[in-house]
Amino acid sequence: MMSIRNPLSEQQLAILERQVESEKPEPSVQSQFNYAWGLLKSDDEDDNKQGINILTDIFKNIPARRRECLYYLTIGCFKIGEYEDAKRYVEALLIHEPDNHQAIQLKMAIENKISKDGLIGVAIVSGFIAAGAAALGIFLKQQQKKH
């Protein structure tokens with residue numbers, strides 16, 4: 001995940017975008033991939049989603065680039081909080097490359113995040129249940145006092 005952390009400057013990202021634009025109507029796969037990579041590095045979620053969309057198209061249409069796409073789709077989905085999609089992508093990558101240490105580490109990070117979010121969700125629900133039970137108890141005590 002190291003190659004995704006530091007966002008490109010606006011100028012650097014604009015260079016990648018201009019490269020794709022200059023090659024229209026059929027930009028090269030490499031130019032599209034580079035632009036998608038730059039978008040994933042961005043701190044802007046809309047940029048990240050655009051990068052994911054470009055990579056998804058490359059994945060579907062260019063079988064030779066699927067491994068790279070799976071890895072970066074995993075990272076992109078993880079970055080925007082789409083953990084189930086990220087897990088699905090990394091598991092697909094690991095089917096073909098079971099010894100890929102980056103993918104193994106990425107899968108562990110995703111599973112840790114899913115577990116952590118699940119525990120937070122359970123704690124929130126438990127808190128609501130406890131608050132509801134306390135409110136019900138107070139209500140019932142007040143009803144008993146009235147009778």
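As annotated in an unreviewed UniProt entry, the chain carries the name Mitochondrial fission 1 protein and comes from Candida boidinii. For the record of the chain, the UniProt heading Subcellular location (unreviewed entry) holds the text "Mitochondrion outer membrane". As stated in UniProt under Function (unreviewed entry), the record for the chain gives "Has a role in mitochondrial fission."

Draft legend 1. Main features of the packing of aromatic side chains. The final tally for this structure, using the stated rule, is three aromatic pairs. Pairing F33 with Y72 gives two aromatic rings, centres 5.7 Å apart and planes at 80°, and the pair type is edge-to-face. Residue F33 is found in helix α3 (residues 29–41), and its partner Y72 is found in helix α5 (residues 66–79); the two are separated by 39 residues along the sequence. Since its relative accessible area comes to 6%, F33 is described here as buried.

Draft legend 2. Here's a closer look at the side chain of S42. Looking at the element boundaries, S42 is found in the loop between α3 and α4 (45–61). Relative accessible area serves as the criterion here: at 10%, S42 is assigned to the buried category. Discounting residues that sit within four places of it in the chain, S42 has contacts with P7, D47, N48 and K79.

Draft legend 3. Quick peek at the pattern of salt bridges. Under the criterion given, the structure shown has seven salt bridges. A salt bridge links E21 to K24, with the shortest nitrogen-to-oxygen separation between them at 3.3 Å. By relative accessible area, which is 44% here, E21 ends up partly exposed. Judged by relative accessible area, K24 falls into the partly exposed class, the value being 48%. E97 is paired through a salt bridge with R67; the nearest N and O atoms lie 3.2 Å apart.

Draft legend 4. How the structure looks around the side chain of N48. Summarising the element assignment, N48 is placed in helix α4. When residues no more than four places from it in sequence are discounted, the contact partners of N48 are L39, L40, S42, K79 and I80.

Draft legend 5. Quick look at the nonpolar core. With 30 residues, the main nonpolar core has Y35, L55 and Y72 as its most contacted residues. Put simply, the parts of the chain that give this core at least two residues each are α2 (10–22), α3, α4, α5, α6 (83–96) and α7 (101–146). At eight residues, α5 tops the list of elements feeding residues into this core. Not counting the four nearest positions on each side in its chain, Y35 is found in contact with L13, L16, E17, V20, Q50 and I54.

Rules behind the numbers
Residues numbered from 1 in each chain as written. Predicted model: local features only at pLDDT ≥ 70, side-chain atom pairs only at ≥ 80, totals over all residues. Heavy atoms only, no water. UniProt positions renumbered as here; feature names shortened; annotations may be inferred. Phe/Tyr/Trp six-rings, centres within 6.5 Å; stacked < 30°, edge-to-face > 60°. Helix = DSSP H or I, 4+ residues; strand = E, 2+ residues; numbered from the N terminus. Buried < 20%, exposed > 50% of the residue type's maximum accessible area, 1.4 Å probe, protein only. Contact = heavy atoms within 4.5 Å. Salt bridge = Lys/Arg side-chain N within 4 Å of Asp/Glu carboxyl O. Core = buried A, V, L, I, M, F, W, Y, C linked by side-chain atoms within 4.5 Å.

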